[in-house]
Amino acid sequence: MAEVEEEARKQSEEFTDESEEEDSEDEPKLKYERLANGVTEILQKDAASCMTVHDKFLALGTHFGKVFLLDIQGNVTQKFEVSSVKINQISLDESGEHIGVCSEDGKVQVLGLYTREGFHEIFDCPIKVVAVHPQFTKSNYKQFVTGGKKLLLYERNWLNRWKMTVLHEGEGSITNIKWRANLIAWANNVRVKIYDISSKQCITNVLRDNVHLRPDMYPCSLCWKDNTTLIIGWGTSIKICAVKERNPTEMRDLPSRYVEIVTAFETEFFISGLAPLADQLVVLYFVKNSDHMDEEFRARPRLDIILPLHESYEEISSDALTVRNFRDNECRDYRLEHSEGESLFYIISPKDIVGARERDQDDHIDWLLEKKKYEEALMAADISFKNIKRHDVQKIGMAYINHLVEKGDYDTAARKCQKVLGKNMELWENEVYRFRTIGQLKAISQYLPRGDLRLKPAIYEMILYEFLKTDYEGFATLISTWPGDLYNNKVIVQAVNDHLQKDPSNSTLLTTLAELCTYDQRYDKALEIYLKLRHKDVYQLIHRHNLFTSIEDKIVLLMDFDKEKAVDMLLDNEDKISIDRVVEELADRPKLLHMYLHELFKRDHHKGQKYHERQIGLYAEFDRPNLLPFLRDSTHCPLEKALEVCQQRNFVEETVFLLSRMGNSRRALQMIMEELQDVDKAIEFAKEQDDAELWEDLISYSIDKPPFITGLLNNIGTHVDPILLIHRIKEGMEIPNLRDSLVKILQDYNLQILLREGCKKILVADSLSLLQKMHKTQMRGVRVDEENICESCHAAILPSDMGKPFGVVMFHCRHMFHRECLPSSGGAFPGVQYCNICSAKRVDPWK
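Cut-offs applied
- Residues numbered from 1 in each chain as written.
- Predicted model: local features only at pLDDT ≥ 70, side-chain atom pairs only at ≥ 80, totals over all residues.
- Heavy atoms only, no water.
- UniProt positions renumbered as here; feature names shortened; annotations may be inferred.
- Helix = DSSP H or I, 4+ residues; strand = E, 2+ residues; numbered from the N terminus.
- Buried < 20%, exposed > 50% of the residue type's maximum accessible area, 1.4 Å probe, protein only.
- Contact = heavy atoms within 4.5 Å.
- Areas by Shrake-Rupley, 256 points an atom, 1.4 Å probe, with all protein chains shown as cover.
- Salt bridge = Lys/Arg side-chain N within 4 Å of Asp/Glu carboxyl O.
- Expected span 1.5 Å × (residues − 1).
- Axes fitted to C-alpha atoms, helices over the stretch in contact; angles between N-to-C directions.
- Parallel < 35°, antiparallel > 145°, perpendicular 65-115°, else oblique.
- Nonpolar A, V, L, I, M, F, W, Y, C, P; charged D, E, K, R; others polar.
- Polar contact = N/O pair within 3.5 Å; in protein donor to acceptor, adjacent residues only side chain to side chain.

The name that an unreviewed UniProt entry assigns to the protein is Vacuolar protein sorting-associated protein 41 homolog, with the source organism given as Takifugu rubripes. Quoted straight from UniProt, the Sequence similarities (unreviewed entry) entry for the protein says "Belongs to the VPS41 family." Per UniProt, the protein has the following entry under Function (unreviewed entry): "Plays a role in vesicle-mediated protein trafficking to lysosomal compartments including the endocytic membrane transport pathways."

As structure tokens, then:
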């Protein structure tokens, strides 16, 4: 015992649990804390025998017959001297205003905590259990039950006297009672029974399975999950029972309710207590190590969370608990109580009381930090920021950053600074100087604040100096990504110039200097550098800062750098750089001038009309393929000048076009025949001109050239009567493919005949259709009413007395006349009537 007492003395007040796998990476489900303060002092002199839990306080009974009311921290708020021997059971109603207490010497007390009025009785046998009605305070009957050798129901009658009713006896001592709503469940040495107090009927009997175990050493554990679900733990067996309503048709003499065992399974250890946790169960196990030589040795109790299945269970978590004096305890010495309003559980043993609760987000973060899972801890703290109780997100983040720095992962540490340090500029500066100390300024440079909140300019300048010493490319990247007002621009420009003195042609430094000059609004200097370097950003610089006046004398440089971009820019901004100015600058570079004027002409045929004469020579010199399209599209080009240039260079196609455009078609045709020797082009030209004299010239020129004759025979059938050509062919002349040509002529002729006949049929059909439509239209009736008038006398066309005979004549032109008002017909067509109005508009009414 001395060894046990020494170990108990060494145990600290802070409770720790040990899982079966101490190095497991699985996070525990519950957190444990020893109930201290007043409880510590009580258990040093006494021992706990029972405890019940209310959401407002705890009620603890001891072996020396005392009852203590405690707050949830274990501080004593009230003390009752009930007996001199062990308190067996304490019961509270739901309001927490009435308490029931029973003891080993047979005393039973049920009283109000605030009124001290109630029931007091001493029995001649130990009373093991007591249970007050859950609604005792509100109920008029003030019911409660006690359990010793009998199960007795007490209730106060209308005379304010206590009436006793025996609910059960004859099966040994009553060891446990749980009252929920109208159902009382109790256990004796043989079975568990449920009594329905509303119908005053016993509705079930559930026999215990482990009959070989002594019921006094391994008592039954009962708990209600809800108003109709009872959980029974006895020995190594667990059963879940559901109270159900019986079908009225099946009742007969049976109770209105019955019980169905929905789950039943065996465990590996002895059950000391049960409590529900959502769909799971919290089970307090007593573990007896039978392999140990000392039979009195008892191992630590276990608190497991299990998921009940139909005939088995799944273990969710398992914790071995190091309670004080656990080696001296038996299965009956442990109890498990729980608070129904919260996931809060209490493990009661004679010398120790331990609270267990579901781990919250703070506990989860603590565990992650303990396991050095800083990333997950930071994320969890950030997600639960509004509900977090103990943790400072920034502190967690700093711990993570320190860990990364110690590990040498500087880039990740620097990246995390953005999220962790946030808007705390003091912490930012501290971190920058720390990274400088370890030589990792480059790592943190890309993550520094650059928005509304900023560090001191000296911080940014320090980092820029560091890059400028060792990494020109990195320095250029920072300059291009950092806003120019983060640092003193002139100081950095001076530093760059100092380095350029050592390496004046370094393109990276020059480009960076241009950017710095841009930030400083020294655009001319920046433009000069970009043009020198032929840098692609020169055009962006010009557009962004409207530097068109600065480039008027640099047009040649821009076009030498990138002709297409330069031309597009000049044409897009001709309101800022005039066409005349560009032409003037490019006067000595005819090829560049041609490119500019050509793109200008493509955009607008009229804007550069004053330069069209000059363009003739430029096209002829540098771009002949586009000369003919230019001549065709330009309406400002001097034709004589163009003809002169084309004839000088012997540009036949262009000369032909110009001759044709100037009205000299015969000369143009002659050039095609003589210079190009291309009968197809000659025929095409003749077709375009549609001139009989040209066809005659073409036939005359081709008549002694068999290949030309073949071409004519194949193409002129639809423009010229081929007989005229055939009659002029000399007899005996050998003409290539004559047969095929004649066949084609006949086919073309037949095709023309077919087309004419087809057109004639269509014309006749359309005429007939229109005639029928006109006839149908003219045959339709026309509405005549009081509003219509005679076109001759201008009186109403219909008489006032419709009973008298009358006559009306209406013409297809919709003019109406009284028959007597219509003049008699005469002239060349006697008997034919016609409209006087319409006939006045034409000489002959039938035309």
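K.L.:
Even after reading the chapter, I still don't get the overall build of the protein, so can you show me in this structure?
P.N.:
Tallying secondary structure elements over the protein gives 29 helices and 31 strands in all. Among the 847 residues that make up the protein, the fraction classed as buried is 45%. Pairs at least 24 residues apart make up 49% of the contacts formed inside the protein by residues separated by at least 6 positions. Counting every atom, the protein has about 46,100 Å² of accessible surface; 48% of that belongs to carbon and sulfur.

K.L.:
Is there a simple way to think about the pattern of salt bridges in this case?
P.N.:
Side chains that differ in sign of charge can pair as their charged atoms come close. A complete count under the given rule lists 30 salt bridges for this structure. The closest approach of N and O atoms between Asp196 and Arg257, which form a salt bridge, is 3.8 Å. Within this pair, whereas Asp196 is found in strand 17 (residues 191–196), its partner Arg257 is found in strand 22 (residues 257–266), the two being separated by 61 residues in sequence. Judged on exposure class, the residue Asp196 and its partner Arg257 are both buried. For Asp411, the salt bridge identified is with Arg415, shortest N-O distance 3.3 Å. Linking Asp411 with Arg415, this pair stays in helix 6 (residues 410–421), spanning four residues, or about one helical turn. The class for Arg415 is partly exposed, based on a relative accessible area of 36%. Three or more residues joined by partner-sharing salt bridges are found here, namely Lys31, Arg357 and Asp363.

K.L.:
I would appreciate a short explanation of helix 9 (residues 457–470) in the present structure.
P.N.:
Since the α-helix packs 3.6 residues into each turn, any two residues three or four apart lie on the same face. In a regular helix each residue adds 1.5 Å, so 14 residues correspond to 20 Å; helix 9 covers 21 Å between its end C-alpha atoms and thus fits that length. Buried residues belonging to helix 9 abut helix 7 (425–437), helix 8 (441–445), helix 10 (472–481), helix 11 (489–502) and helix 12 (507–519).

K.L.:
Just to check I follow, could you spell out the packing of helix 6 against helix 7 for this structure?
P.N.:
With their axes 11 Å apart at the nearest point, helix 6 and helix 7 run at an angle of 170 degrees to one another. Considered as vectors, helix 6 and helix 7 are oriented roughly antiparallel to each other. Between helix 6 and helix 7, the contacting residues are Tyr410, Ala413, Ala414, Cys417, Gln418 and Leu421 on the first element and Leu427, Trp428, Glu431 and Phe435 on the second. Classifying every residue of the contact of helix 6 with helix 7 gives eight nonpolar, one polar and one charged.

K.L.:
Is there a simple way to explain the side chain of Ser634 in this structure?
P.N.:
As for its placement among the helices and strands, Ser634 is situated in the loop between helix 20 (627–633) and helix 21 (639–648). In this structure Ser634 comes out as buried when scored by relative accessible area, which is 1%. One polar contact links Ser634 to His612, side chain to side chain, over a distance of 2.7 Å. For Ser634, the contacting residues outside a window of four places in its chain are Phe601, His612 and Arg661.

K.L.:
Before we go on, may I ask you to explain unusual backbone geometry in this structure?
P.N.:
Most peptide bonds are trans, and most residues other than glycine sit at a negative phi. The residue Asn37 is not glycine, and still its phi comes out positive at about 55 degrees. For Asn37, the position within the fold is in the loop between strand 2 (30–34) and helix 2 (38–45). Given a relative accessible area of 44%, Asn37 falls into the partly exposed group. Positive phi, normally seen in glycine, also occurs at Arg814, with a value near 75 degrees. Here Arg814 lies in the loop between strand 30 (808–810) and strand 31 (816–818). The exposure class assigned to Arg814 is partly exposed, which follows from its relative accessible area of 43%.

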